[in-house]
Amino acid sequence: MGDVNNRIRNTKPKDSSAKLIFDDHVLCAQFLQDYVDVGILRNVEPEDIEDISERFLWIWQENRDSDSVKKIRIKDVPGMEEVYVIAMIEHQSKVDYDMSFRTLRYSVQIWTDYAQEQEAKRKGATKLKDFRYPPILPVVFYDGPGGWTASADFKERVYLGDVLGEYIPSFRYMVVRLSGYSNQELLDKRNELSLIMLVAKLRSAADFQTLKDIPEEYFEDISQK
């Protein structure tokens, strides 16, 4: 138990729970497969995931080391041997209306880090015509009450964004809202992460009464896996 406490430096319980989920590549793969609606991620396996979060801990606000940056190897893409998708997973228990700018800052830092890595391998690589930066998928995992009411489009945070739109970075981040899933939808997934998400969803003593309604075979399926 002491080792776990040493690894989880963040004192916020919700953040620490998210850190446990996203530090485990089995659980992270289940999250990408079942909760992130992107086709090329549906077959991601734990061994396809590399955690590179430590490179960016300095930029997380409020020492939020529950946030994760994952380099994900995507196999079987026509015309390519492999493609890397970088998923930036932010954990939020309350709405952050500046999230679009935060994800922009993080994305620029990730691309800067990637460019430096490629230049170290081959000087001048980033200046070549066929050089491409890896795609980044910003994901916000929101387990707070109510809906996520912040705009997901950065352009809406900029004055005259509708007039000068083509000169302003335009992108969106994805929000995975825990309260958007019913208990039954979580139970139907029948994996370890579904149980963790179900428990995270419970907020009162009355809510915990719903656990008695979970069928025994649900736990048997998880145990067998």
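Computed from a prediction, not measured in an experiment: that's the story for all the values here.

Caption draft 1: Just the overall build of the protein chain, in detail. On a plain count of helices and strands, the protein chain comes out with 8 helices and 5 strands. For the protein chain, the sequential pattern of α-helices and β-strands runs α-α-α-β-β-β-α-β-β-α-α-α-α. The buried share of the protein chain, taken over its 225 residues, is 40%. The contacts of the protein chain with a sequence gap of at least 6 include a subset with a gap of at least 24, amounting to 60%. Accessible surface for the protein chain amounts to roughly 13,200 Å². Of this, 52% is attributable to carbon and sulfur atoms.

Caption draft 2: The arrangement of helix H6 (residues 192-201) in detail. Restricting attention to buried positions, one finds in H6 the residues Leu193, Ser194, Met197 and Leu198. Buried residues of H6, viewed axially, fall in a sector of 140°; they line one side.

Caption draft 3: The arrangement of the environment of Tyr142 in detail. Among the structural elements, Tyr142 can be located in strand E4 (residues 136-142). With 36 residues separating them in the primary sequence, Tyr142 and Leu178 have C-alpha atoms 6.2 Å apart. Filtering out sequence-adjacent residues up to four positions away, Tyr142 remains in contact with Gln92, Ser93, Lys94, Val95, Gly147, Trp148, Val175, Val176, Arg177 and Leu178.

Caption draft 4: Focus on the packing of helix H3 (residues 25-34) against H6. Packing of H3 against H6 leaves a shortest axis separation of 9 Å and a crossing angle of 80°. Accordingly, the angle class assigned to the pair H3 and H6 is roughly perpendicular. Residues Val26, Leu27, Gln30 and Phe31 of H3 pack against Glu192, Leu193 and Ile196 of H6. A breakdown of the residues in the contact of H3 with H6 according to their chemical character gives 5 nonpolar, 1 polar and 1 charged.

Caption draft 5: Quick look at the packing of aromatic side chains. The full count for this structure, using the stated rule, is 11 aromatic pairs. Taken together, a centroid distance of 5.9 Å and an interplanar angle of 20° make the contact between Phe31 and Tyr35 stacked. As far as burial versus exposure is concerned, Phe31 and Tyr35 are alike and both buried. Between Tyr35 and Tyr181, the ring centres sit 5.2 Å apart and the planes meet at 75°, which makes this aromatic pair edge-to-face. Of this pair, Tyr35 sits in the loop between H3 and strand E1 (49-51) while Tyr181 sits in the loop between strand E5 (174-177) and helix H5 (183-189), and the two are 146 residues apart along the sequence.

Caption draft 6: Focus on a nonpolar patch on the surface. A cluster of nonpolar residues, Tyr159, Leu160, Val163, Leu164 and Tyr167, forms a patch on the protein surface that exposes about 670 Å² of accessible area. Relative to the helices and strands, Val163 resides in the loop between E4 and E5. Judged by its relative accessible area of 60%, Val163 falls in the exposed class.

Caption draft 7: Spatial organisation of the environment of Cys28. For Cys28, the position within the fold is in helix H3. Residues Cys28 and Ile49, 21 residues apart in the sequence, show an inter-C-alpha distance of 8.4 Å. Excluding its chain neighbours within four sequence positions, the residues that come into contact with Cys28 are Ile21, Phe22, Ile49, Lys70 and Ile89.

Caption draft 8: Representation of the pattern of salt bridges. Evaluated as defined, the whole model comprises 7 salt bridges. Note that Arg55 is salt-bridged to Asp113, the shortest N-O span being 2.7 Å. Here Arg55, found in the loop between E1 and strand E2 (68-74), pairs with Asp113, found in helix H4 (residues 99-121); they are 58 residues apart in sequence, far enough to count as distant. Taking relative accessible area as the criterion, Arg55 reaches 34% and is therefore assigned partly exposed. A salt bridge links Asp96 to Arg102; the nearest nitrogen and oxygen atoms lie 2.5 Å apart.

About the cut-offs
Residue numbering note: each chain is counted from 1, following its sequence as written. In view of the model being predicted, local features appear only for residues whose pLDDT reaches at least 70, and side-chain atom pairs are presented and counted only at 80 or more, with totals across whole chains, interfaces and linings using the full set of residues. Calculation of side-chain values draws on the structure's entire complement of heavy atoms; hydrogens and water are dropped beforehand. Put simply, DSSP marks the helices as runs of H or I at least four residues long and the strands as runs of E at least two long, and each gets a number from the N terminus on. Relative accessible area decides the class of each residue, using a 1.4 Å probe on protein chains only: under 20% of the type maximum gives buried, over 50% gives exposed, and in between gives partly exposed. Note on definitions: a residue-residue contact is assigned when non-hydrogen atoms from the two residues lie within 4.5 Å. All accessible-area figures derive from a Shrake-Rupley calculation using a 1.4 Å probe, and residue coverage is judged against the displayed protein chains alone. Directions from the helix axis toward the C-beta atoms define the arc. Angular values range over 0 to 180 degrees, each being the angle between N-to-C directions of two axes fitted as lines to C-alpha atoms, with helices fitted over their stretch in contact. Roughly parallel refers to an angle under 35 degrees, roughly antiparallel to one over 145, roughly perpendicular to one between 65 and 115, and oblique to any angle outside these ranges. Each residue gets one label: Ala, Val, Leu, Ile, Met, Phe, Trp, Tyr, Cys and Pro are nonpolar, Asp, Glu, Lys and Arg are charged, and the others, such as Gly, are polar. Ring geometry is summarised as follows: Phe, Tyr and Trp rings, the Trp one being its six-membered ring, pair when their centres sit within 6.5 Å, and such pairs are stacked at plane angles under 30 degrees, edge-to-face over 60 and tilted between the two. Each patch is assembled from residues with relative accessible area greater than 30% and no salt bridge, linking like charges that lie within 9 Å and nonpolar side chains (Val, Leu, Ile, Met, Phe, Trp, Tyr) that lie within 5 Å. For this document, the term salt bridge refers to a Lys or Arg side-chain nitrogen within 4 Å of an Asp or Glu carboxyl oxygen.

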